[in-house]
Amino acid sequence: MPQNYIPIFLFMLVALAIPVVTLVIAKAVRPDNPHATKLMPYECGIDPVDTARARYTVRFYIVAILFVVFDVETIFLFPWAVQFKMLGWFGFVEMMVFLAILVVGYVWIWKKGALEWV
Amino acid sequence: MPQWLQSVVDYVTKSNNTPGWYADPVASAIWALIYIILIFTGVSIAVIAMNWLERKILAHMQVRLGPMRVGPHGLLQPIADALKLLIKEDIMPDQADKVVFWLAPVTIVITAFTVYIVIPFGPTHAVTDMNIGLLFMLGVSSIGVLGIIMAGWASNSHYPLMGSLRSSAQMVSYEIAMGMAVVSAVLMTSFKGGGNFFRQIYGTGGASVGTLSMIGIVRAQEAQQTWFLFKFFPLGLIAFFIFAVAMVAETNRAPFDLPEAESELVAGFHTEYSGFRWSLFFLAEYAAMIAVSSIAVTLWLGGWMRPFASLHGPNVEIPNYWSGGAIDLAFALVPALTFFVLALFAFIGTVRMPKHRAFRVQTIGLAGFALALGFIGLVLLEPHVRDRVQDIFWFSLKVAVFMYMYIWYRGTFPRYRFDQLMHLGWKFMIPTGIAVLILTAALGLGS
């Protein structure tokens, strides 16, 4: 039913219009008198010491990499789940092999300490 | 009557249509627009109501009164807040990335609302029915992370950046467990159950096929005469539990509200936002909460099905009003009764108002509110409205339970530490999710 996707575009148009229109209305009615102190980044009243675009911990990067691996794997599960009855034992065994490989990788990253957050 | 108007009327009055795009483009566009407008107004009203309810319920949990000044029992407080935000100065830090700073709230609002396209409020009450509805929903809700990263990065300030990094790490970690739980629910749609209704509609030959269509998933629960929550007890329950925890983490709510941890990060990724831009984040957060609750209701709690849907009771005949089971009739009257009870509460509140002339406007307002609630109850008694609206009522009631749980968590649980959060997500939820998935598939082979 590809034609059932058409309402998405209608919906997206309305969804785009609502924040844009409200922001424009808000711009028309609100006061606007900025000055230098007001426009500084908020640091609980202290002048910011350095730029915010500094280095941050590599843990976030590891989480992102692991997420890509596991999420792509979840996407593979969806078509299998829909066709589960049709594929029967063959599909079940195939998917168990796939999951077994994934679990080996999971145990490996656990042992490597990639899941620790210290 | 022109052709398109006739088909719109047909669609609104008949209860066996499936939402979608039909041969008549004008009529289809009008149906879609009706539901789009209903969804936007409905969700906005729900967000306003949630704002009031959250403050009141949290306050009462902490033995406070909560808002009491603006309107009777603070009922108009959310509206006063919205007006305040509208006329509040909007500050854009001069070191911010202007374009991205402007785009971030718009992105978040669009993604939070787009999820509602496929949510089936009833068998006919949805904007459209897609064959990949569930996948679409998961995909769109993941884009919300992008908006949060954009907001944190564009602000060029320490707290927002840290908040958005935490938020995205948390959301992607719990998305995996969430995906596992969702796949086990999709597996259940192809299993055998009490009836064969599902295979008559969607079946192909002997083997039944699963479905990713949101309406199809609820139809599968109807056909199997069970909510997936109770399927293969306790497997359905565990999958539901994983989803219920992951959805709190996905929406950055307490006890997983680290991205907005007030004591450490001021307000997390939206620290630099003020005025109406900030209120767009607020709107998106609550819209996303309602959306994930709706997914949970659709997948495990039978969507629009009423409780005990397989019981009908002895036949009852009321001329011009009802012919069918007595239990069906009892449940069909619940929506109207709910509104009458609400009207009664509002009426008691009116009577108990202080008899001082300073409260006269408030008393009249509350009496009007009670009358409006009673009137809605009367409208819901009308046979056509009753039959068309009760699906929406049961769906909304189940979602409302989740919304209450959200507030309850916030009033009860202390915030997690970040390493505990990641530990729970990666070392407990994901293995449990895989185990539930494998067990469901193994049991499903035999059914």
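Here is what the cut-offs are and how they apply
Residues numbered from 1 in each chain as written. Chains lettered and ligands numbered in written order. Predicted model: local features only at pLDDT ≥ 70, side-chain atom pairs only at ≥ 80, totals over all residues. Heavy atoms only, no water. Helix = DSSP H or I, 4+ residues; strand = E, 2+ residues; numbered from the N terminus. Rg over C-alpha atoms; globule rule 2.2 N^0.38 Å. Buried < 20%, exposed > 50% of the residue type's maximum accessible area, 1.4 Å probe, protein only. Contact = heavy atoms within 4.5 Å. Areas by Shrake-Rupley, 256 points an atom, 1.4 Å probe, with all protein chains shown as cover. Lys, Arg positive; Asp, Glu negative; His and termini not counted. Charge placed at Lys NZ, Arg CZ, Asp CG, Glu CD. Axes fitted to C-alpha atoms, helices over the stretch in contact; angles between N-to-C directions. Left-handed = near helix turned anticlockwise from the far one by under 90°. Nonpolar A, V, L, I, M, F, W, Y, C, P; charged D, E, K, R; others polar. Domains from an automatic or database assignment. Salt bridge = Lys/Arg side-chain N within 4 Å of Asp/Glu carboxyl O. Polar contact = N/O pair within 3.5 Å; in protein donor to acceptor, adjacent residues only side chain to side chain. Buried area = accessible area lost by both parts, 1.4 Å probe. Core = buried A, V, L, I, M, F, W, Y, C linked by side-chain atoms within 4.5 Å. Parallel < 35°, antiparallel > 145°, perpendicular 65-115°, else oblique. Expected span 1.5 Å × (residues − 1). Bend = angle between axes of the 7 residues up to and from the residue.

So, the overall build of chain A
Looking only at helices and strands, chain A has three helices and zero strands in total. Radius of gyration (C-alpha) of chain A: 25 Å, far over the 13 Å computed for a compact globule of 118 residues. Taken along the three principal axes of its C-alpha coordinates, chain A extends 70 × 50 × 15 Å. Sorting the 118 residues of chain A into buried and exposed places 33% on the buried side. Sequence separation of at least 24 residues holds for 53% of the intrachain contacts in chain A that already meet a minimum separation of 6. Element-wise, carbon and sulfur atoms account for 73% of the exposed surface of chain A, whose accessible area totals about 7500 Å². Computed over 9 positive and 8 negative side-chain charges, the inter-centroid distance for chain A is 1 Å.

Re the overall build of chain B
Helix and strand counts for chain B stand at 15 helices and two strands. Its C-alpha radius of gyration of 23 Å places chain B within 12% of the 22 Å reference for a compact globule of 447 residues. Buried residues in chain B amount to 55% of all 447 residues. Sequence separation of at least 24 residues holds for 74% of the intrachain contacts in chain B that already meet a minimum separation of 6.

Considerations on the packing of helix α2 (residues 25-61) of chain B against helix α14 (residues 383-412) of chain B
All names here are of chain B. Closest axis-to-axis distance for the α2/α14 pair is 10 Å, and the angle between their directions is 35 degrees. Handedness of the crossing formed by α2 with α14: right-handed. Across the interface between the two elements, Tyr35, Met50, Leu53, Glu54, Ile57, Leu58 and Met61 of α2 pack against Arg388, Met403, Tyr404, Ile407, Trp408, Arg410 and Gly411 of α14. Per-class residue counts for the contact of α2 with α14 are ten nonpolar, one polar and three charged.

Notes on the domain arrangement of chain B
Residue and element names in this part refer to chain B. Splitting chain B by domain gives domain 1 (1-87) and domain 2 (92-333 + 381-446). Taking only C-alpha atoms into account, the centre of domain 1 sits 18 Å from that of domain 2. Contacts between the two partners involve 28 residues from domain 1, matched on the other side by 29 residues from domain 2. One can count two salt bridges joining domain 1 with domain 2. Of the charged contacts in the structure, one is a salt bridge between Arg410 and Glu54, with a shortest N-O distance of 2.7 Å. Between domain 1 and domain 2 we count four residue pairs in polar contact (both at pLDDT 80 or more) in total.

Observations regarding the interface of chain B and chain A
Counting residues at the interface gives 87 residues for chain B and 67 residues for chain A. Together, the buried faces of chain B and chain A total about 7000 Å²; carbon and sulfur atoms form 76% of this surface. At the boundary of chain B and chain A, one finds two salt bridges. A salt bridge links Asp90(B) to Arg30(A); the nearest nitrogen and oxygen atoms lie 3.3 Å apart. Summed over the shared surface of chain B and chain A, the number is five residue pairs in polar contact (both at pLDDT 80 or more). If you list the elements that add at least two residues to the side of chain B that touches chain A, you get α2, α4 (98-114), α5 (133-155), α6 (158-188), α11 (275-300) and α15 (418-446) of chain B. The element best represented in the side of chain B that touches chain A is α6(B), accounting for 16 residues. A breakdown of the residues in the side of chain B that touches chain A according to their chemical character gives 57 nonpolar, 18 polar and twelve charged.

Let's talk about the nonpolar core
Grouped burial of nonpolar side chains is what soluble globular proteins tend to show. If you look at the biggest cluster of nonpolar residues, it comprises 137 residues, and the most contacted ones within it are Phe11(A), Tyr116(B), Leu134(B) and Trp300(B). Inspection of this core shows a minimum of three residues originating in each of domain 1 (1-87) and domain 2 (92-333 + 381-446) of chain B. What Tyr116(B) contacts, discounting residues up to four positions off in sequence, is Phe11(A), Ile39(B), Val43(B), Phe121(B), Ala287(B), Ile290(B) and Ala291(B).

Here we look at the packing of helix α13 (residues 360-381) of chain B against α14(B)
All names here are of chain B. Across the interface, α13 lies against α14 with an axial gap of 5 Å and an inter-helix angle of 95 degrees. With respect to their mutual orientation, α13 and α14 come out roughly perpendicular. Together, Val379, Leu380 and Leu381 of α13 and Pro383, Val385, Arg386 and Val389 of α14 make up the contact between the two elements. For the contact of α13 with α14, the per-class residue count stands at six nonpolar, no polar and one charged.

Side note on α4(B)
The terminal C-alpha atoms of α4(B) lie 25 Å apart, and with 17 residues this matches the ideal 24 Å at 1.5 Å per residue to within 8%. Of all bends in α4(B), the biggest is about 25 degrees, found at Ala104(B), and the proline Pro105(B) comes one to four residues later. Buried residues dominate α4(B), accounting for twelve of its 17 residues. Looking only at α4(B), the buried set comprises Phe101(B), Ala104(B), Pro105(B), Val106(B), Thr107(B), Ile108(B), Val109(B), Ile110(B), Thr111(B), Ala112(B), Phe113(B) and Thr114(B). Buried residues in α4(B) make contact with α1 (6-29) of chain A together with α2, α5 and α11 of chain B.

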